[in-house]
Amino acid sequence: MADRGIQGGDGIDTFPFPVELSVGGVGMQVGPMGAGRTWHADAPLERVHRIDFHVVMLFGAGPVRHMVDFSEYEATAGDLLWIRPGQVHRFSRTGEYRGTALTMQPGFLPRSTVETTGLYRYDLPPLLRPDAAQLAGLQAALAQLRREYEDAATLPLSLHTAVLRHTLTAFLLRLAHLAASSAPALHRRTDSTFTLFRDAVERDFATNHSVSAYADALGYSRRTLVRAVRAATGETPKAFIDKRVVLEAKRLLAHTELPIGRVGAAVGFPDAANFSKFFHQHTDRTPAAFRAELR
């Protein structure tokens, strides 16, 4: 793994994709997992941190327990763990990570491929358990991707990068199919209206909590947006927005020393009292009580 990191402005260590350490400086890496894993020498991955790139780990052994956004996932041989940009996670101090790790920089793939492969489907589970046939297909696609990645001598860099993008897309299409089929039935049905809303919420949740504002910005009626979100998630648009705000607030309360008022401001509540009321409404705990439980 890589050896670089930055301190996030919100107090959570955030690690960028280390382009300079990838073969040829391309926007992806693939190779074996093993001892000494780190994105940065001064920040062990056993500490909670964010990444601003995708990580897919295909395990060759286990079990390994890995925390992603307040949930512990136990992976064993043949399982995959897909961690997306912005998620807070932590490697196990005791588990042996064996297998293959793939990292991807946002922007390495074209927008059409990003949409087709559901790279930003935060509603899908991180832990994936393929059956024997699915696993064989994924292993073969990942092995081919690794061969292409390591062969930087037989093609000019521009062609090497193009081949990597196509080979990576083939692997991700298999992975996306597995992820979608692993989700609850409601989450399998998505349309462009919900996709645009989901992406807009991920981008703007810290400053925009209004369903009408999202509908106006996307060019839909409120009724159309409500119908699309319900079909995809079983929730109202407001509940979807609030859930994302609560998740970010939990991340900041649990993993930073920011004062509660600053946590509220970071997720769109300039008034600390309003933030506390909102958080209690959705979690049955005050922000201070939630933080205390995790310390």
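Conventions adopted
- Residues numbered from 1 in each chain as written.
- Predicted model: local features only at pLDDT ≥ 70, side-chain atom pairs only at ≥ 80, totals over all residues.
- Heavy atoms only, no water.
- 1 Å grid on protein atoms, 1.4 Å probe; cavity = no way out; pocket = protein on both sides within 12 Å on 5 of 7 lines; lining within 4 Å.
- Points joined across faces, edges and corners; volume = space filled by probe spheres on them.
- Nonpolar A, V, L, I, M, F, W, Y, C, P; charged D, E, K, R; others polar.
- Pairing = 2+ DSSP bridges.
- Helix = DSSP H or I, 4+ residues; strand = E, 2+ residues; numbered from the N terminus.
- Contact = heavy atoms within 4.5 Å.
- Axes fitted to C-alpha atoms, helices over the stretch in contact; angles between N-to-C directions.
- Parallel < 35°, antiparallel > 145°, perpendicular 65-115°, else oblique.
- Left-handed = near helix turned anticlockwise from the far one by under 90°.
- Phe/Tyr/Trp six-rings, centres within 6.5 Å; stacked < 30°, edge-to-face > 60°.
- Buried < 20%, exposed > 50% of the residue type's maximum accessible area, 1.4 Å probe, protein only.
- Lys NZ or Arg CZ within 6 Å of the ring centre and 35° of its normal.

1. Considerations on empty space enclosed by the protein
For the structure shown, the criterion picks out 1 cavity of 30 Å³ or more. Forming the walls of the largest cavity are His54, Met104, Gln105, Pro106, Gly107, Phe108, Leu109, Val114, Leu119 and Tyr120. For the lining of the largest cavity, the class distribution of residues is 7 nonpolar, 3 polar and no charged.

2. A short note on the sheet that holds strand 10 (residues 99-104)
The strand order across the open sheet built from 5 strands is 3-10-5-8-11, with neighbouring strands paired in antiparallel fashion. Pairing within the sheet leaves two strands with one partner each, and these edge strands are strand 3 (28-32) and strand 11 (127-128). Sheet topology places strand 3 next to strand 10; 5 bridges connect them, and they run antiparallel. Paired with glycine 31 across the two strands is alanine 101, which belongs to strand 10. Set on the sheet, helix 3 (residues 157-182) makes contact with strand 3, strand 5 (54-59), strand 8 (80-83), strand 10 and strand 11; between it and strand 8 the angle comes to about 105°.

3. Things to note about the layout of surface pockets
Taken as a whole, the largest pocket spans an internal volume of roughly 670 Å³. The wall of the largest pocket is formed by 24 residues, among which Tyr122, Asp123, Lys243, Arg244 and Leu247 lie closest to the centre. Elements with a contribution of two residues or more to the lining of the largest pocket: strand 7 (71-75), helix 5 (192-204) and helix 8 (237-255). No other element matches helix 8, which puts 5 residues into the lining of the largest pocket. Across the lining of the largest pocket, the residue classes tally to 10 nonpolar, 4 polar and 10 charged. In this structure, the second largest pocket occupies an estimated 230 Å³ of space.

4. Some remarks on the packing of helix 2 (residues 132-150) against helix 3
Their axes nearest at 9 Å, the elements helix 2 and helix 3 cross at an angle of 160°. The pairing of helix 2 with helix 3 is recorded here as roughly antiparallel in orientation. At the point where helix 2 passes helix 3, the crossing takes the left-handed sense. For the pair helix 2 and helix 3, contact is made by Gln134, Gly137, Leu138, Ala141, Leu142, Gln144, Leu145, Glu148 and Tyr149 and by His160, Val163, Leu164, Thr167, Leu168, Phe171, Arg174, Leu175, Leu178 and Ser181, respectively. Among the residues making up the contact of helix 2 with helix 3, the classes are represented as 11 nonpolar, 6 polar and 2 charged.

5. Things to note about the packing of aromatic side chains
Applying the stated rule across the entire model yields 12 aromatic pairs. Here the aromatic rings of phenylalanine 269 and phenylalanine 275 are separated by 6.0 Å at their centres, their planes lie at 50°, and the arrangement is tilted. Given a relative accessible area of 13%, phenylalanine 269 falls into the buried group. Look at phenylalanine 275 and you get buried, because its relative accessible area is 0%. Clustering of aromatic rings is evident, with ring pairs tying together Phe70, Phe269, Phe275, Phe278, Phe279 and Phe290. One residue, arginine 84, lies across the ring of tryptophan 82, its end atom 3.9 Å from the ring centre.

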